[in-house]
Every structure is written in structure tokens, then in C-alpha cells.
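Chain by chain, the residues:
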Amino acid sequence: PQGTTVAKFAELIGVPPNDVIKRLFMLGQVLTLTQSMGDDLVELIADDMGRKVRVVSPEEEYAVVYHDKDEDLKPRPPVVTVMGHVDHGKTSLLDAIRDTGVAAGEAGGITQHIGASVVEIDGKQITFIDTPGHEAFTAMRARGAQVTDVIVLVVAADDGVMPQTVEAINHAKAAEVPIVVAVNKIDKPGANPDRVRQELVEYGVIPEEWGGTNMFVEVSAKQRLHIDDVLETIILQADVLELKANPDAEASGFVIEANLDKGRGPVATVLVQRGTLHPGDIVVAGTSYGRVRALVNPLGKHVDEAYPADPVEILGLNSVPVAGDEFRVFDDERDARKLAEERALRARLAEQETKSHVSLDDLFSRI
Ligand code: GTP
Ligand code: MG
């Protein structure tokens with residue numbers, strides 16, 4: 001259910017638009033020039049008019065395969081996503097981590113902005129992504145797991161393994177991302193860290209000291225206990241992965257969050273995964289595109305570049321993309337526009353289709 005407008009289709013196959021409209025009408029489809037035909041309809045009518053047509057999706061037309069030579073790969077910072085059941089202390093742990101960074105007086109940024117923040121420990125950057133624990137945000141957690149190198153699973157020692165703890169484990173396994181467990185709230189009277197260990201074993205998360213592969217740290221985010229240990233463990237886990245990326249390429253990555261800002265227009269927070277992003281670059285993110293007017297780092301500062309593992313806000317897009325959308329830099333603004341617009345068209349058609357199904361269902365339910 002994708003495609004092109006009736007007018008464009010007629011032009012493409014070189015027949016008068018009215019002939020197309022007539023054919024469509026005979027098939028019971030009442031469409032005007034500016035309305036869209038789905039791919040199946042395009043192929044059907046073309047065939048009917050003696051033209052052989054193969055519909056190429058914009059994804060196919062603009063497909064890319066990234067390939068980097070070993071010598072182009074440079075070490076990059078880890079991206080760490082904090083996951084766990086609601087209220088187990090994910091945001092508190094990140095607050096504690098950021099404070100530790102500030103207290104340690106390291107150069108660089110320690111802050112939080114929307115979902116992403118950057119901490120610098122002994123001159124080494126770690127990018128953190130916070131996720132909500134509420135059950136409604138499954139999709140956000142799944143995406144969080146996909147863009148990350150390490151998952152810090154926060155489990156409250158007084159509450160133990162809960163539904164979203166298990167969900168997070170499943171996301172981590174699906175994305176093949178290592179889990180570091182932070183057993184939190186050990187300051188609480190009912191805290192039982194060993195019970196947490198035992199419960200996690202049932203889900204295949206086994207402490208190293210029990211012969212497994214998962215590193216565990218017992219912490220209190222609230223009382224700032226063992227926060228250094230968490231950081232050390234994360235760095236240890238990340239070092240094993242020997243993370244690398246090519247910084248000398250056109251940038252690409254994912255949208256972490258996006259919104260419409262009253263003063264600044266569409267703002268997308270992206271995570272750069274490959275290449276270096278600059279102001280002036282032409283970017284496509286999902287169904288949005290535009291020339292980067294400014295890049296804003298998590299400290300709120302305008303920057304001239306964003307490297308692999310950097311979270312950065314992009315200003316200058318023509319619309320608000322969706323979290324989870326891929327972004328990519330294009331050489332040619334026309335290509336960028338074409339890809340974004342065709343995606344938008346297809347998204348609209350898919351939505352229309354869903355709506356018409358809904359109304360049909362409604363109709364039947366009333367009979
Ligand atoms: P969601 O984002 O809603 O999933 O919650 P969260 O996991 O980010 O939890 P958050 O950090 O908001 O903490 C939830 C509550 O637990 C708050 O009232 C915190 O003060 C409290 N809390 C967090 N860590 C600790 C801890 O180590 N000890 C104690 N006693 N309370 C804590
Ligand atoms: Mg939180």
C-alpha cells in the first residue's frame with residue numbers, strides 16, 4: 001500500500017492522466033490526479049495498459065551498505081543504556097554517576113538532557129541513555145537495547161526481579177548486548193542482594209563469582225554507595241568489547257528522541273554511530289530532512305562536530321522524526337528530499353489503509 005500519485009504515474013508510463021483515471025474507475029477506484037495509488041494498484045494498472053512496471057521502494061533505491069576498512073576504524077566511547085523495572089532507581093543511579101563525574105572534576109560534560117547524557121571519567125567518555133521502566137514503554141526499551149553496547153540492569157534489592165526486569169533481559173539477549181547488574185537500594189531495611197542474584201539466575205543472568213559472565217555491583221544510588229564501582233565495571237565491560245567506528249565518513253545513526261520546540265522548531269536528538277556530523281550537513285531522518293542549522297551537545301552548547309557515540313541535537317529538520325528512525329547524511333539535497341518525501345507518502349498511505357480497516361471493522365461490529 002505505497003506508491004505514487006495518479007498524475008505522476010501517468011507521466012511515468014507516458015499516458016494521458018484521464019486514461020489512468022478511467023481505468024481506475026472501471027476497477028471501482030475513484031481517484032483524483034493528486035491522490036496516491038498503492039504499489040499493487042500501480043503494478044495492476046500498468047499491466048492493464050500494457051506497460052511492465054516494477055515498483056522500487058525508496059528504501060531499495062537509496063539502500064546503503066556501510067563498509068569500513070580496518071585501518072579506518074578508530075576506538076570510540078561506549079554507549080550504555082540503563083534499564084530495569086519502574087522505580088528501581090535508574091534515573092537516581094544516573095544522577096549519582098553524573099555527580100561523581102562532577103566531583104571528580106573531570107574535563108568535559110556531565111549533564112542530562114532528555115534521554116541522553118555524557119559523562120567523562122579519567123578522560124574517557126561514556127554515553128548514557130536512560131529509559132523509562134513503566135510497562136507502557138516497551139518499544140522505547142527495545143530501541144534502547146538496539147543502539148547500545150552495554151546494558152546496566154538496575155534491580156532494587158528490596159523488590160527483586162519484576163516484569164520489566166525480565167523484559168529488559170529479553171531485549172538485551174535479543175540485541176546480544178552484555179548486561180552489567182546494579183543491585184540498587186542496598187541501604188533499605190528489606191534489601192536482599194543475594195535473593196536478586198538467585199532470581200536472576202533463573203533468567204540466565206549469572207554472576208561471575210558463580211561461574212557466569214555477568215558483572216554485579218551492589219549500590220545505593222540514594223546514598224551514593226559504590227558508584228565508582230559501577231563506573232569501573234562499565235568501563236571494564238566496555239574495554240572487553242574493543243569498540244570502534246569510522247569517524248571519517250558521512251554521519252549516520254539513530255534518533256533517540258524528537259520533539260517540536262516552540263522557539264527552535266523540530267529538534268531531534270540523535271546518536272551518531274558512524275562518521276562525523278557537522279552543521280551544514282544534509283540529513284534525512286525517517287520522513288524528515290533538512291540542512292543541519294546547528295548541533296547542540298547535552299550541555300546545551302553549540303558544537304561544530306559530533307563523533308561516533310555522541311548524542312547531539314539536530315536543528316534544521318523540516319519536520320519531527322520518530323524516535324528509532326535512522327538518520328543519514330546525503331550529498332545531494334534533492335536525493336534527501338526525495339527519500340524523505342516518498343517515505344512520508346508511504347507512511348500516509350499505510351495510515352489511511354489502517355484507518356479504512358478500522359472503519360470497516362466498526363461497520364461490521366455494528367451489524
Ligand atoms: P522510572 O524511570 O519511572 O522507571 O523509575 P527509575 O527506575 O528511574 O527510578 P528513580 O530513580 O526515579 O527512583 C525511584 C524512587 O526510588 C525514588 O523515590 C528514589 O529516591 C528511590 N531510590 C532510588 N535509588 C535508591 C536507593 O539507592 N535507595 C533508596 N532508599 N531509595 C532509592
Ligand atoms: Mg527514571
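Parameters and conventions
- Residues numbered from 1 in each chain as written.
- Chains lettered and ligands numbered in written order.
- Predicted model: local features only at pLDDT ≥ 70, side-chain atom pairs only at ≥ 80, totals over all residues.
- Heavy atoms only, no water.
- Buried < 20%, exposed > 50% of the residue type's maximum accessible area, 1.4 Å probe, protein only.
- Helix = DSSP H or I, 4+ residues; strand = E, 2+ residues; numbered from the N terminus.
- Arc of directions from axis to C-beta.
- Contact = heavy atoms within 4.5 Å.
- Axes fitted to C-alpha atoms, helices over the stretch in contact; angles between N-to-C directions.
- Parallel < 35°, antiparallel > 145°, perpendicular 65-115°, else oblique.
- Nonpolar A, V, L, I, M, F, W, Y, C, P; charged D, E, K, R; others polar.
- Core = buried A, V, L, I, M, F, W, Y, C linked by side-chain atoms within 4.5 Å.
- Polar contact = N/O pair within 3.5 Å; in protein donor to acceptor, adjacent residues only side chain to side chain.
- Near = heavy atom within 4 Å.
- pLDDT = per-residue confidence, 0-100.
- Phe/Tyr/Trp six-rings, centres within 6.5 Å; stacked < 30°, edge-to-face > 60°.
- Salt bridge = Lys/Arg side-chain N within 4 Å of Asp/Glu carboxyl O.

Quick rundown of helix H8 (residues 193-201)? Include the residues and the values.
All buried positions along H8 are accounted for by Pro 193, Val 196, Arg 197, Glu 199 and Leu 200. The arc enclosing the buried residues of H8, seen along the axis, measures out at 165°, which places them on a common side. Tucked into the core, H8 has its buried residues touching strand E7 (150-156), helix H7 (163-175), strand E8 (179-184) and strand E9 (215-218).

Please give an account of the packing of helix H2 (residues 17-26) against helix H3 (residues 39-48) that cites residues and values.
Direction vectors running N to C along H2 and H3 enclose 105°, while the axes themselves pass 11 Å from each other. Taken as axis vectors, H2 and H3 run roughly perpendicular relative to one another. Counting all contacts with H2, which are made through Val 20, Arg 23 and Leu 24, the residues of H3 involved are Leu 41, Ile 45 and Asp 48. Grouping the amino acids of the contact of H2 with H3 by side-chain chemistry returns four nonpolar, no polar and two charged.

Any details on the nonpolar core? Residues and values, ideally.
Core analysis: the biggest nonpolar cluster contains 23 residues, and Leu 93, Ile 97, Ile 126, Phe 128 and Val 152 have the highest contact counts within it. Elements supplying a minimum of two residues to this core: strand E4 (79-84), helix H5 (90-103), strand E5 (116-121), strand E6 (124-130), E7, E8 and helix H9 (227-241). Per element, the largest residue contribution to this core is five residues, and it comes from H9. When near neighbours in sequence (up to four residues on either side) are disregarded, Ile 97 contacts Val 119, Phe 128, Ile 227, Val 230 and Leu 231.

Account for the side chain of Asn 246, naming residues and giving values.
Note on placement: Asn 246 falls in the loop between strand E10 (244-245) and strand E11 (252-261). A polar contact of 2.8 Å, which involves the side chain of Asn 246, links it to the side chain of Asp 68. Asn 246 has contacts with Asp 68, Asp 72, Leu 73, Arg 274, Gly 275 and Pro 308, leaving out every residue within four places of it along the chain.

Kindly report on the site of ligand 1, identifying the contributing residues and their values.
Neighbouring ligand 1 are 17 residues, the closest being Lys 90, Thr 91, Ser 92, Gly 133 and Asp 187. Asp 87 is positioned such that a nitrogen or oxygen atom in its backbone is 3.1 Å from an oxygen atom of ligand 1. At 2.9 Å from an oxygen atom of ligand 1 is found a main-chain nitrogen or oxygen belonging to Thr 91. Per element, the largest residue contribution to the shell around ligand 1 is three residues, and it comes from H5. Here the shell around ligand 1 is built from residues that sort into three nonpolar, eight polar and six charged.

Let's hear about the environment of Asp 40: which residues, and what values?
The residue Asp 40 is located in helix H3 in this model. With relative accessibility at 54%, the residue Asp 40 sits in the exposed group. Taking the C-alpha atoms as reference points, Asp 40 and Val 55, separated by 15 residues in sequence, lie 8.7 Å from one another.

Tell me about unusual backbone geometry, and name the residues and values.
Here the phi dihedral of Glu 242 falls at roughly 45°; this positive angle occurs in a residue that is not glycine. On the secondary structure map, Glu 242 appears in the loop between H9 and E10. The class of Glu 242 is exposed, set by a relative accessible area of 60%. Even without being a glycine, Ala 309 presents a positive backbone phi close to 80°. For Ala 309, the position within the fold is in the loop between strand E15 (302-303) and strand E16 (311-317). A residue is classified by how much of its surface remains accessible, and Ala 309, at 2% relative accessible area, is buried.

I'd like a rundown of the confidence of the model for the chain, residues and numbers included.
Scored by pLDDT, the chain comes out at a mean of 87, with 90% of its residues at no less than 70. Contacts from residues 101-114, a stretch scored under 50 in pLDDT, to residues over four places away or in other chains number 32 contacts. Scored as a complex, the prediction yields pTM 0.82 and ipTM 0.99.

An account of the packing of aromatic side chains is requested, with residue identities and associated values reported.
Within the structure shown, the criterion is met by one aromatic pair. Geometrically, the ring pair formed by Tyr 62 and Phe 330 is edge-to-face, given 5.8 Å between the ring centres and 70° between the ring planes. On the criterion of sequence distance, the pair formed by Tyr 62 in the loop between helix H4 (58-61) and strand E3 (74-75) and Phe 330 in strand E17 (residues 326-330) is long-range, its members being 268 residues apart. Per residue, the accessibility class of Tyr 62 equals that of Phe 330, and both read buried.

Give me the pattern of salt bridges: which residues, what numbers.
Opposite charge on two side chains allows them to pair when their charged atoms are near. Evaluation of the coordinates by the stated rule reveals 19 salt bridges. Asp 158 is paired through a salt bridge with Lys 188; the nearest N and O atoms lie 3.1 Å apart. Of this pair, Asp 158 sits in the loop between E7 and H7 while Lys 188 is found in the loop between E8 and H8, placing the two residues 30 residues apart along the sequence. One network of salt bridges, in which partners are shared, links Asp 194, Arg 197, Glu 209 and Glu 218.

Account for the environment of Ala 238, with residues named and values stated.
Inspection of the secondary structure assignment puts Ala 238 in helix H9. Contact partners of Ala 238, with chain neighbours within four places excluded, come to Pro 78, Val 150 and Leu 243.

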